[in-house]
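Each chain, written out:
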Amino acid sequence: MRRIVAWNVMTLDGYFEGKSPWDLSFHNLVWGEELEAFSLAQGEELGTLLFGRKTYEGMASYWTQETGAIADMMNNSEKAVASRTLEQVTWNNSRLLEGDLVAAVERLKREPGKDIFVFGSADLLDTLLANGLVDEYRLCIAPVLLGAGNRLFKPGRELAMKLTQTAPLKNGGVILRYLPQAAA
């Protein structure tokens, strides 16, 4: 069975997006040679990108205009989109998930192939978390407090995690890898 890996850059105070949609300027604090190499290494594990509608639309808009190794990875990867409103998806190698989200993701996990990665997509991630569908969390912590924005983890969710790896970056960021722990 394929694993679901949630990957996000977030601030020290828990935001993955600033005060307005697609305000990701804090990413510049951690982006560099090390994080690019990490991203490309993750690409070797990537079978499918799983997005919610808003993240899919933003990623498609951005990456189809970019060039380079990361853009190639994003544009050429298989993408699955969870949406109640989209009728079609046009970004290269994209498909809509059909039916009940949890059942569709469970089917996706049973398909052969490499791991499924979730980037951004906080609402989708919350649903996956609530249903125990995420197998690993990878976070890059940007050394900044935003004070407001869109939180990656929604209030009211509880999940114990076990730290499996840390990787400090020269620019002050740190990559953390966690596995969810079963409730005691």
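Computed from a predicted model, the values in this text were never measured in an experiment.

Parameters at a glance
- For every chain, the first residue of the written sequence is number 1, and numbering continues from 1 along that sequence.
- Given that this is a predicted model, residues contribute local features only at a pLDDT of at least 70 and side-chain atom pairs are listed and counted only at 80 or more, while totals for whole chains, interfaces and linings are drawn from all residues.
- Hydrogens and water molecules were not included; the side-chain quantities draw on all heavy atoms of the structure.
- At least two DSSP bridges between two strands are required for those strands to pair.
- Secondary structure elements are defined from DSSP: runs of H or I of at least 4 residues count as helices, runs of E of at least 2 residues count as strands, and each element is numbered from the N terminus.
- An axis is simply a line fitted to the C-alpha atoms; with a helix, the fit covers only the stretch in contact. Between two such axes, the angle follows the N-to-C directions and lies from 0 to 180 degrees.
- It only takes one pair of heavy atoms within 4.5 Å for two residues to be counted as in contact.
- To sort residues, take the accessible area from a 1.4 Å probe on protein chains only and compare it with the maximum for the residue type: under 20% means buried, over 50% means exposed, and anything in between is partly exposed.

Draft legend 1. How the structure looks around the pairing of strand 10 (residues 174–180). When strand 7 (residues 136–142) meets strand 10, the two strands line up antiparallel, connected through five bridges. Looking across to strand 10, one finds that Leu139 is bridged to Leu176. With seven bridges joining them, strand 9 (residues 161–168) and strand 10 adopt antiparallel strand pairing. Bridged to Leu163 within strand 10 is Tyr178. Joining the antiparallel neighbours strand 9 and strand 10 is a turn of five residues, in which Gly172 adopts a positive phi near 100°.

Draft legend 2. Spatial organisation of the sheet that holds strand 6 (residues 115–119). If you walk across this open sheet you meet the eight strands as 5-4-3-6-1-7-10-9, and the pairing is mixed. Every interior strand has two partners, whereas the edge strands, strand 5 (94–96) and strand 9, have only one. Taken pair by pair, the neighbouring strands of this sheet meet at an average axis angle of 25°, ignoring direction. Examined bridge by bridge, strand 3 (residues 46–52) and strand 6 share four bridges and lie parallel to one another. Of the residues in strand 6, the one forming a bridge with Leu46 is Asp115. In the packing of helix 2 (residues 53–63) onto the sheet, contacts are made with strand 3, strand 4 (78–82), strand 5 and strand 6, and the angle to strand 3 comes to roughly 115°.

Draft legend 3. Highlighting helix 2. When we look at burial in helix 2, the residues that qualify are Thr55, Tyr56, Gly58, Met59, Ala60 and Trp63. Of the surrounding secondary structure, the elements contacted by the buried residues of helix 2 are strand 3, helix 3 (69–76), strand 4, strand 5 and strand 6.

No statement about biological role is implied by the geometric values presented.
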